[in-house]
Amino acid sequence: MSATADAGTETIGLSEKQRRILAFLEANVDEQTYFKSRLIADELGMSAKEVGTNMTAIAEGDLSISVEKWGYSSSTTWMVTA
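Residues numbered from 1 in each chain as written. Predicted model: local features only at pLDDT ≥ 70, side-chain atom pairs only at ≥ 80, totals over all residues. Heavy atoms only, no water.

Enquirer: How would you sum up the overall build of the protein? Please name residues and give values.
Expert: Each helix and strand counted, the protein has three helices and three strands in total. Of the regular secondary structure in the protein, the N- to C-terminal order runs α-β-α-α-β-β. Within the protein, the fraction of its 82 residues that count as buried is 37%. Once local pairs closer than 6 in sequence are excluded, the contacts in the protein between residues at least 24 apart make up 53%. Working note: accessible area of the protein is about 5,100 Å², and carbon and sulfur atoms make up 48% of it. (Helix = DSSP H or I, 4+ residues; strand = E, 2+ residues; numbered from the N terminus. Buried < 20%, exposed > 50% of the residue type's maximum accessible area, 1.4 Å probe, protein only. Contact = heavy atoms within 4.5 Å. Areas by Shrake-Rupley, 256 points an atom, 1.4 Å probe, with all protein chains shown as cover.)

Enquirer: Which residues make up the sheet that holds strand E2 (residues 66–72), and what values go with them?
Expert: Ordered in space as E1-E3-E2, the three strands form an open sheet in which the pairing is antiparallel. At either margin of the open sheet sits one strand with a lone partner, and together these are strand E1 (34–36) and E2. In this sheet, neighbouring strand axes are inclined to one another by 30° on average, regardless of whether the strands run parallel or antiparallel. Looking at chain direction, E2 and strand E3 (residues 76–81) are connected through six bridges and run antiparallel. Opposite glutamate 68, over in E3, you have methionine 79 as the bridge partner. (Pairing = 2+ DSSP bridges. Axes fitted to C-alpha atoms, helices over the stretch in contact; angles between N-to-C directions.)

Here you go:
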C-alpha cells in the first residue's frame, strides 16, 4: 500500500476523520476563509466537538493549508488559508 497525497498534501499520520476535514477545507479554501466547527460538522456528518478535536492536528501539521483558531461565537471559528 502506498501513501497518497491530495493536491500535494502530505496526509501520513492523519486519521480518517482528519483527512475528511482536510479534504473539505482544501476544497473550499478558495471560496471561504473562515469556517465554523459546527458547519463543517454538519457537512461531514460529525459533531462540532469531533471537528474541533481533529482540527488541532490539522492546524499543527505541515500541510498545504494553514489553519488558525480564530474565535468562538456559537461555535469555534477557524481561519483557513492556502
